[in-house]
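# Remarks on the overall topology
The chain contents come next:
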Amino acid sequence: HGLKVTSDVLAMTGVSPLLGRLFRADDDVATGDQPIIVSWGYWQRRFAGRPDVLGTSLIVSGSSYTVVGVMPRGFDFPMFWAGNAEAWTPLALGDRASSRQSQSLRLFARLRPGASVEAAQAQMSAVAANLERGFPGTNPAVTVTPLRTMVVGDVRTALLVLLGAVGFVLLI
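Just so you know, these numbers come straight off a predicted model, no measurement behind them.

## Topic: the overall build of the protein chain
- Within the protein chain, the regular secondary structure consists of five helices and six strands.
- Listing every helix and strand of the protein chain by position from the N terminus yields β-α-β-β-α-β-β-β-α-α-α.
- Residue burial in the protein chain is summarised as follows: out of 172 residues, 26% are buried.
- Considering only intrachain contacts with a sequence separation of at least 6, the fraction spanning at least 24 residues in the protein chain is 66%.
- Here the protein chain has roughly 11,400 Å² of accessible surface; of this, 59% comes from carbon and sulfur atoms.

This is the structure we're talking about:
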């Protein structure tokens, strides 16, 4: 399993590759041989953990890629909608980058230290209102949702009760 991502998504996680590099902004432009970053597990299975894997060519779905990075063991992003990804390639948006009709992407952002979800929602609502004035009827609603909520959802309370019950049973 693999994912096409924009050049800054993996960097946003704050996780550095075990080997090589993350994507650069110029990797988002489709030009022949594209870079690919592989997971630790794929690197172990396919390349036997060889440290000279960087620069190796792979053919994926008929396209040629060059290994530029290996993510560390246990890295799994994004775990809540496409888990078990073992490779990441650049998402060359092309004309979709400026299309008002293209609404097929999932967006991720990282809050700066000290910022609240409420403040981020207010800023995104202001941006959406400005876009709506400039491009009426072409803007979906914008909702800022913490990653924890996306992963766990509304079951946090139920999970805490279950954890307490299991602890109580173990205590008995």
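Having put the structure on the table, let's press on.
## Comments concerning the pairing of strand S4 (residues 57-60)
- Bridging between S4 and strand S5 (residues 63-70) involves four bridges; their strand directions are antiparallel. The partner of Ile59 across the bridge, within S5, is Ser64.
- Between S4 and S5, which pair antiparallel one after the other, the connecting turn spans two residues, and Ser61 there sits at a positive phi close to 50°.

## Comments concerning the pairing of S5
- Here S5 lies mainly inside the structure; six of its eight residues are buried.
- Bridge analysis of strand S2 (residues 19-20) against S5 gives two bridges, and the strand direction is antiparallel. Looking at S5, one finds that Gly20 is bridged to Gly69.
- Looking at chain direction, strand S3 (residues 34-38) and S5 are connected through five bridges and run parallel. Looking at the pairing, Ile37 lines up with Gly69 of S5.

## Let's talk about the side chain of Asp27
- Examined against the element boundaries, Asp27 turns out to sit in the loop between S2 and S3.
- Polar side-chain contacts of Asp27 include one of 2.8 Å to the side chain of Arg21.
- Separated by 2.8 Å, the side chain of Asp27 and the backbone nitrogen of Arg24 make a polar contact.
- Non-local contacts of Asp27, meaning those with residues more than four positions away in its chain, are made with Arg21, Gln34, Pro35 and Pro90.

## With respect to the pattern of salt bridges
- In total, this model carries four salt bridges according to the counting rule given.
- Among the ionic pairs, Asp27 bridges to Arg21, the shortest N-O distance being 2.8 Å.
- On the accessibility criterion, Arg21 (24% relative accessible area) is partly exposed.
- Salt-bridge contacts for Asp52 lead to Arg50; the nearest nitrogen and oxygen are separated by 2.8 Å.

## Looking at the nonpolar core
- In this structure, Val5, Leu10, Phe23, Ile37, Met71, Phe75 and Trp88 are the most contacted members of the largest nonpolar core, which totals 14 residues.
- When residues of this core are traced back to their parent elements, those giving at least two are strand S1 (2-5) and helix H1 (9-12).
- Per-element tally for this core: the top contributor is H1, with three residues.
- Ignoring sequence-local partners within four residues, the contact set of Ile37 consists of Leu10, Arg21, Leu22, Phe23, Val68, Gly69, Val70, Met71, Glu86, Ala87 and Trp88.
- Listed in part, the ten residues of the second largest apolar core include Val38, Val53, Tyr65 and Ala87.

## Things to note about the environment of Val15
- With respect to the secondary-structure elements, Val15 resides in the loop between H1 and S2.
- You can call Val15 partly exposed: its relative accessible area is 27%.
- A C-alpha to C-alpha distance of 8.2 Å links Val15 and Pro72, two positions 57 residues apart in sequence.
- Leave out the neighbours within four places in its chain, and Val15 touches Leu10, Leu22, Met71, Pro72 and Phe75.

## Description of the side chain of Ser39
- You can see Ser39 is positioned in the loop between S3 and helix H2 (40-47).
- Ser39 gets classed as buried once you look at its relative accessible area, which sits at 7%.
- One polar contact links the side chain of Ser39 to the main-chain amide nitrogen of Tyr42, over a distance of 3.1 Å.

Rules used throughout
Every chain is numbered independently, its residues counted from 1 as its sequence is written. Since the coordinates come from a predicted model, pLDDT governs what is reported: local features require at least 70, and pairs of side-chain atoms require 80 or more to be given and counted, while whole-chain, interface and lining totals use all residues. In computing side-chain properties, one takes all heavy atoms of the structure into account and sets aside hydrogens as well as water. Put simply, DSSP marks the helices as runs of H or I at least four residues long and the strands as runs of E at least two long, and each gets a number from the N terminus on. The buried label goes to any residue with under 20% of its type's maximum accessible area, the exposed label to any with over 50%, and the partly exposed label to all in between, with areas taken from a 1.4 Å probe on protein chains only. Contacts are assigned to residue pairs with any non-hydrogen atoms lying within 4.5 Å of each other. Calculation of accessible area relied on Shrake-Rupley with a 1.4 Å probe; when residues are assessed, cover is drawn exclusively from the protein chains displayed. The pairing criterion for strands is at least two bridges between them, as found by DSSP. Distance and chemistry together define a polar contact, namely a pair of N or O atoms within 3.5 Å, with one atom able to donate a hydrogen and the other to accept it when in protein, and with adjacent residues in sequence counting only for side-chain atoms on both sides. Salt bridge, as applied in this entry: a Lys or Arg side-chain nitrogen positioned within 4 Å of an Asp or Glu carboxyl oxygen. Nonpolar cores are built from buried Ala, Val, Leu, Ile, Met, Phe, Trp, Tyr and Cys residues. Side-chain atoms within 4.5 Å join them into one set.

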